[in-house]
Amino acid sequence: MGFFARELQRLQPEKTPRRWLFVPYDQLSDSIGPLSREKPDKLGIILVESPWKAGLRPYHKQKLALILANLRHFALEQALRGVAVKHIVSREPYHKALKKLLPELGPIRAMVPAERELRVDLQKLADGGGLQLIPHEGWLTSRKLFTAGAGQDPPWRMDSFYRRVRRDTGILMRNDKPEGGNFSFDKENRLPWKGKPAPPKPPVFPRDPVKEEVGELIQKKFARHPGVLDLNALPGTDKDAEALWSWARIFCLPQFGPFEDAMTLESRGLFHTRISALMNIHRLLPARILSDAVKAALPLASKEGFVRQVLGWREFVNHVHVATDGFRDLPKKPPPVDASPGDGGYEHWAGTDWKSEKAFKETDGGAAPSALGCENPIPPAYWGEKSGLACLDHVVSTVWEEGYSHHITRLMILSNLATLLDVRPREVTDWFRIAYTDAYDWVVEANVLGMGTYAVEDLMMTKPYISGAAYINRMSDYCSACTFHPKTDCPVTALYWAFLARHEHKLGHNPRLRMPYASLKKRSETRRSKDRIIFRILRDMLLAGEQITPIKINKYQ
Ligand SMILES: Cc1cc2nc3c(=O)[nH]c(=O)nc-3n(C[C@H](O)[C@H](O)[C@H](O)COP(=O)(O)OP(=O)(O)OC[C@H]3O[C@@H](n4cnc5c(N)ncnc54)[C@H](O)[C@@H]3O)c2cc1C
Ligand code: SF4
């Protein structure tokens, strides 16, 4: 018996009649739901470790470690409070694992999971009467508020939802007016970072026997999963979660706003808080994060910028996820749904079929809309092969090292380049879901399909988020480390123009793209033809896993 099993046995309260609650891996909090109000000695919780779920996709090792370490520590923390803990390891879907416990434990309750994949799984047990689903208490806003702010039907806009939420909740409002006179200070929050102020070093967390055991388990049983496992960077306990938030409050929030869109080789997170992975599993509660941020003494642009992320964007993307049933219920026609979970390009890169060892009958691969008809595979560069584009290579390497990168690197490097290369949006989504420690369907699909790749047209965003080298050079120092020059031979700029030209029939009438299309018209036919050639060469070389160099493409410039 290992350390965790022994500790759990030691702390386990005496066996008395209990009401049992299934706590999914992303609801690890005793400040919401029945755990927050029912007596510990009357309550039992079921925690499931699922190699089946972990094997559905080639998830980053750090993501597996984050979930397992927090789940195990949560089990011990609850046992210490007097809650009975049933911890099981299951190699089958959750509804089957829980069904087997019914004769012993009686009816089970669970808060509705945020993740659709788990909702569908659990619904099978709920339909048979073995599971009672109760509302999820982790969200900050209701569906009614979403509809009141963003409207009943799409297109939905975050800004109108957010303004309505601010008005209704009174957060950052004074005499019915937004503090500082504006609901958003986004325009002030677009500074590049030029070396000052110094960004904080990411926090490290104490190692402990539970984390060590999880680390050993992953190296042994999940060795073929990609990514670096770093136990020093692994928050696992409730104290770790507190330490992370305290670090973020002190060192990140005061500078959060102005440098929100900046990217640099010198700091991976700049002043971003790194809290998403813990907030998405409820080790940090959104309500508490929000209330602390509102109370903190911060410059208004930073405070509002942060509040908009947590109260605005995070809530908004979840509402869109629910309202569209995970992007399956779209206004024009339902998109195709992939038959089984995608591997985000793992097989193309690794040359081995991830799926061959697994049975995927129990779950599909999610909605696969592609409004622009993009169907290319994701290049091996996203799995760590060098592309020769310094911006892409840098961000990808940090993601495989940490399972994290901040918002603008996700949007304007990874998603931007995939979009410019016409990569299939579902494959991009799967890649993000696999590579990031904070990714679950409800949040990653909205951000990739809805925001990053324009796969669902204007459902959430008014235009695609794309850029050439000018933006990347303005907002980062990546180009200083590149063999290409952003003003002369950078192929990303050619990709940008080629993208606009290729998709003109779909995007040419978009009022938000009037300026770029006016500029495209001024581009000579020779130039446009070179753009097309560079797109084809880059696409083919990157798909073949080849590195791009100025010598290879400059003759086409
Ligand atoms: C292509 C793409 C994929 C993304 N995938 C995910 C994902 O899988 N999981 C995820 O949590 N976020 C995702 N995001 C949103 C955002 O990038 C991350 O929430 C953020 O980078 C997390 O880092 P942080 O905690 O340092 O955030 P900070 O910049 O410090 O922001 C604070 C918090 O605001 C919330 N937030 C901010 N923007 C968003 C948003 N667009 N959607 C949801 N929450 C938001 C997060 O909870 C975040 O922790 C994605 C964005 C893009 C463009
Ligand atoms: S020059 Fe181009 S490819 Fe190189 S880092 Fe800058 S934008 Fe990226």
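The present account deals with the structure reproduced in this document.

Criteria and thresholds
- Residues numbered from 1 in each chain as written.
- Chains lettered and ligands numbered in written order.
- Predicted model: local features only at pLDDT ≥ 70, side-chain atom pairs only at ≥ 80, totals over all residues.
- Heavy atoms only, no water.
- Helix = DSSP H or I, 4+ residues; strand = E, 2+ residues; numbered from the N terminus.
- Rg over C-alpha atoms; globule rule 2.2 N^0.38 Å.
- Buried < 20%, exposed > 50% of the residue type's maximum accessible area, 1.4 Å probe, protein only.
- Contact = heavy atoms within 4.5 Å.
- Areas by Shrake-Rupley, 256 points an atom, 1.4 Å probe, with all protein chains shown as cover.
- Lys, Arg positive; Asp, Glu negative; His and termini not counted.
- Charge placed at Lys NZ, Arg CZ, Asp CG, Glu CD.
- Near = heavy atom within 4 Å.
- 1 Å grid on protein atoms, 1.4 Å probe; cavity = no way out; pocket = protein on both sides within 12 Å on 5 of 7 lines; lining within 4 Å.
- Sits in = over half its atoms within 2 Å of the grid points.
- Nonpolar A, V, L, I, M, F, W, Y, C, P; charged D, E, K, R; others polar.
- Phe/Tyr/Trp six-rings, centres within 6.5 Å; stacked < 30°, edge-to-face > 60°.
- Polar contact = N/O pair within 3.5 Å; in protein donor to acceptor, adjacent residues only side chain to side chain.
- Salt bridge = Lys/Arg side-chain N within 4 Å of Asp/Glu carboxyl O.
- Points joined across faces, edges and corners; volume = space filled by probe spheres on them.
- Core = buried A, V, L, I, M, F, W, Y, C linked by side-chain atoms within 4.5 Å.

### Section: the overall build of the protein
Here is step 1 of the chain: Along the backbone of the protein there are 25 helices and nine strands.
Here is step 2 of the chain: Taken over C-alpha atoms, the radius of gyration comes to 24 Å for the protein, in line with the 24 Å a tight globule of 557 residues would show.
Here is step 3 of the chain: C-alpha extents for the protein along the principal axes are approximately 80 × 60 × 50 Å.
Here is step 4 of the chain: For the protein, the residues scored as buried account for 60% of the 557 residues in total.
Here is step 5 of the chain: If you take every contact in the protein between residues at least 6 apart in sequence, the share linking residues at least 24 apart comes to 76%.
Here is step 6 of the chain: Looking at the protein as shown, the accessible area adds up to about 22,900 Å², and 53% of this sits on carbon and sulfur atoms.
Here is step 7 of the chain: Of the charged side chains in the protein, 81 are positive and 65 negative, and the gap between their average positions amounts to 3 Å.

### Focus: the site of ligand 2
Here is step 1 of the chain: Taken together, Leu389, Ala390, Cys391, Ala469, Ile472, Tyr478, Cys479, Cys482, Phe484, Pro486, Cys490 and Val492 form the complete shell of residues around ligand 2.
Here is step 2 of the chain: The site holding ligand 2 turns out to be the largest cavity.
Here is step 3 of the chain: Looking at the shell around ligand 2, the elements that each hand over two or more residues are α16 (390–402) and α20 (469–475).
Here is step 4 of the chain: Classifying every residue of the shell around ligand 2 gives twelve nonpolar, no polar and no charged.

### Thoughts on the packing of aromatic side chains
Each pair of aromatic rings is reported with the distance of its centres and the angle of its planes.
Here is step 1 of the chain: Tallied over the full model, the rule gives 22 aromatic pairs.
Here is step 2 of the chain: Here the aromatic rings of Trp245 and Phe306 are separated by 6.0 Å at their centres, their planes lie at 20 degrees, and the arrangement is stacked. In this pair, Trp245 sits in helix α11 (residues 238–252) while Phe306 sits in helix α14 (residues 300–323), placing the two residues 61 residues apart along the sequence.
Here is step 3 of the chain: Note on Phe306: relative accessible area 3%, which makes it buried.
Here is step 4 of the chain: Here the aromatic rings of Tyr346 and Trp383 are separated by 5.6 Å at their centres, their planes lie at 75 degrees, and the arrangement is edge-to-face. Here Trp383 lies in the loop between β9 (366–367) and α16 and Tyr346 lies in helix α15 (residues 346–350), a separation of 37 residues in the sequence.

### A few points about the site of ligand 1
Here is step 1 of the chain: Inspection of the region around ligand 1 gives 28 residues, with His272, Thr273, Arg274, Tyr404 and Asn447 positioned closest.
Here is step 2 of the chain: Between Asn280 and ligand 1, the recorded distance is 2.9 Å, taken from a side-chain N or O atom to an oxygen atom.
Here is step 3 of the chain: Here His407 contributes a side-chain N or O atom positioned 2.8 Å from an oxygen atom of ligand 1.
Here is step 4 of the chain: Computed on the free molecule, ligand 1 has an accessible area of 810 Å², of which 99% lies beneath the protein chains in the complex.

### Considerations on the pattern of salt bridges
Here is step 1 of the chain: For the structure on display, the rule yields 45 salt bridges.
Here is step 2 of the chain: Measuring nitrogen to oxygen at the nearest pair gives 3.0 Å for the salt bridge that ties Arg426 to Glu445. Taken as a pair, Arg426 in helix α18 (residues 425–435) and Glu445 in helix α19 (residues 441–452) lie far apart in primary sequence, 19 residues in all. The burial state of Arg426 is the same as that of Glu445; both residues are buried.

### Quick word on the environment of Leu35
Here is step 1 of the chain: Secondary-structure assignment places Leu35 in helix α2 (residues 34–37).
Here is step 2 of the chain: In the structure, Leu35 is positioned 103 residues away from Gly138 in sequence and 13 Å away in space, judged by C-alpha atoms.

### Side note on the layout of surface pockets
Here is step 1 of the chain: Roughly 710 Å³ of internal volume is contained in the second largest pocket.
Here is step 2 of the chain: Every element with two or more residues in the lining of the second largest pocket is listed here: α1 (3–11), β2 (43–49), α3 (51–54), α4 (61–81), β3 (84–89) and α10 (209–221).
Here is step 3 of the chain: Of the residues that constitute the lining of the second largest pocket, the class distribution is 19 nonpolar, five polar and 13 charged.

### Quick notes on the nonpolar core
Here is step 1 of the chain: Formed by 173 residues in total, the largest nonpolar core has its most connected members in Phe316, Phe327, Leu414, Trp431 and Met460.
Here is step 2 of the chain: Contact partners of Met460, with chain neighbours within four places excluded, come to Trp156, Arg157, Trp313, Phe316, Val317, Val320, Phe327, Ala446, Gly450 and Met451.
Here is step 3 of the chain: Of all hydrophobic cores here, the second largest spans five residues; its members include Trp193, Phe259, Ala262 and Phe271.

### Section: empty space enclosed by the protein
Here is step 1 of the chain: Inspection of every chain in the model, using the stated rule, returns three cavities of 30 Å³ or more.
Here is step 2 of the chain: Of the pockets and cavities examined, the largest cavity occupies roughly 100 Å³.
Here is step 3 of the chain: In terms of lining residues, the largest cavity is bounded by 13 residues, among which Cys391, Cys479, Cys482, Cys490 and Val492 are the most central.
Here is step 4 of the chain: Partitioning the lining of the largest cavity into residue classes produces twelve nonpolar, one polar and no charged.

### A word on the environment of Asp121
Here is step 1 of the chain: Among the structural elements, Asp121 can be located in helix α7 (residues 116–127).
Here is step 2 of the chain: Residues Asp121 and Thr398, spaced 277 residues apart in sequence, show a C-alpha to C-alpha distance of 33 Å.
Here is step 3 of the chain: If we ignore the near neighbours within four places in the chain, the residues touching Asp121 are Trp52, Pro93, Tyr94 and His95.
Here is step 4 of the chain: In terms of polar contacts, Asp121 uses its side chain to reach the side chain of His95, at 2.7 Å.

These results come straight from atomic positions and should not be treated as a statement about function.
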